[in-house]
Amino acid sequence: MTEQPAPYRQNPTLKRVERGFEALLFNSRWLMAPFYFGLVVSLAALLLKFCMELWHFILHVPAAKESDIILGVLSLIDISLTGNLILIVVFSGYENFVSKIDPAGHPDWPDWMTKVDFGGLKQKLLASIVAISAIQVLKAFMNLDTAFDPNKLGWLVGVHLLFVVSAFMLALSDRWSGDHGGE
């Protein structure tokens, strides 16, 4: 006669503990919501800085040289791109890690807002960082006449190239893994 192993019976107390622990883990995602709210507050602070820069730019345009106007516009673009970066993180982070956003009743919402997965988020973030970095390098290049610091310019170009290579490597790795940006 062969002995058969006794059928496994799960302990009901352990199952309740497991479900409770899983519920705690799942609900802990809401701890991220204040972070996203903080980023919205930082977006408001960035808007204030943008308005101050715009006002300063407008006041100095009549007497400014062409290169100063280009530098002023680049500064405004830089702040705008940083604001875009914050929005990307807020919307896609909230959607991916906290709760789904219901776009019903909001026909003017951009399509990407509820369609960016984590792979797409990484690509959008890195693309924004590359663009911001490029503007910093361009501003330094435009400012060569007044403040040439070869060491600083070298670091700016080096860091920018590092961001570009990182973005390229991320895109390659996502392509090889079959993740095409989540859109």
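Remember, it's a predicted structure, so these values are computed and weren't measured experimentally. (Residues numbered from 1 in each chain as written. Predicted model: local features only at pLDDT ≥ 70, side-chain atom pairs only at ≥ 80, totals over all residues. Heavy atoms only, no water.)

### So, the overall build of the protein
Secondary structure summary: the protein contains five helices and zero strands in total. For the protein, the α and β elements follow one another from N to C terminus as α-α-α-α-α. Expected size for 183 residues packed as a compact globule is a radius of gyration near 16 Å; at 25 Å, the protein overshoots this value by more than 25%. Along the longest, intermediate and shortest principal axes, the C-alpha atoms of the protein span 100 × 40 × 30 Å. Looking at the protein residue by residue over its 183 residues, the buried ones come to 22%. (Helix = DSSP H or I, 4+ residues; strand = E, 2+ residues; numbered from the N terminus. Rg over C-alpha atoms; globule rule 2.2 N^0.38 Å. Buried < 20%, exposed > 50% of the residue type's maximum accessible area, 1.4 Å probe, protein only.)

### A closer look at the confidence of the model for the protein
Detailed reading of the predicted coordinates is not advisable wherever pLDDT falls low. For the protein, the average pLDDT comes to 83, and 91% of its residues sit at 70 or higher. The spread of mean pLDDT over the elements of the protein runs between helix 4 (residues 118–142), the lowest at 80, and helix 2 (residues 33–60), the highest at 96. (pLDDT = per-residue confidence, 0-100.)

### Section: the side chain of His 160
Among the structural elements, His 160 can be located in helix 5 (residues 150–177). With residues near it in sequence (within four places) discarded, His 160 still touches Val 130, Ser 133, Ala 134 and Val 137. (Contact = heavy atoms within 4.5 Å.)

### A short note on the nonpolar core
Tyr 36, Leu 46, Ile 79, Ile 86, Val 90 and Val 98 together form the largest nonpolar core, which totals six residues. At the level of elements, helix 2 and helix 3 (66–97) are the ones that each hand at least two residues to this core. A total of three residues in this core trace back to one element, the largest contributor, which is helix 3. The residues touching Ile 79, leaving out its near neighbours within four places in the chain, are Leu 46, Lys 49, Phe 50 and Glu 53. (Core = buried A, V, L, I, M, F, W, Y, C linked by side-chain atoms within 4.5 Å.)

### A few points about the packing of helix 2 against helix 3
Relative to each other, helix 2 and helix 3 sit at 165°, their axes nearing to 10 Å. One way to sum up the angle between helix 2 and helix 3 is to call them roughly antiparallel. When you trace helix 2 past helix 3, the crossing you get is left-handed. Of the residues that constitute the contact of helix 2 with helix 3, the class distribution is 18 nonpolar, seven polar and two charged. (Axes fitted to C-alpha atoms, helices over the stretch in contact; angles between N-to-C directions. Parallel < 35°, antiparallel > 145°, perpendicular 65-115°, else oblique. Left-handed = near helix turned anticlockwise from the far one by under 90°. Nonpolar A, V, L, I, M, F, W, Y, C, P; charged D, E, K, R; others polar.)

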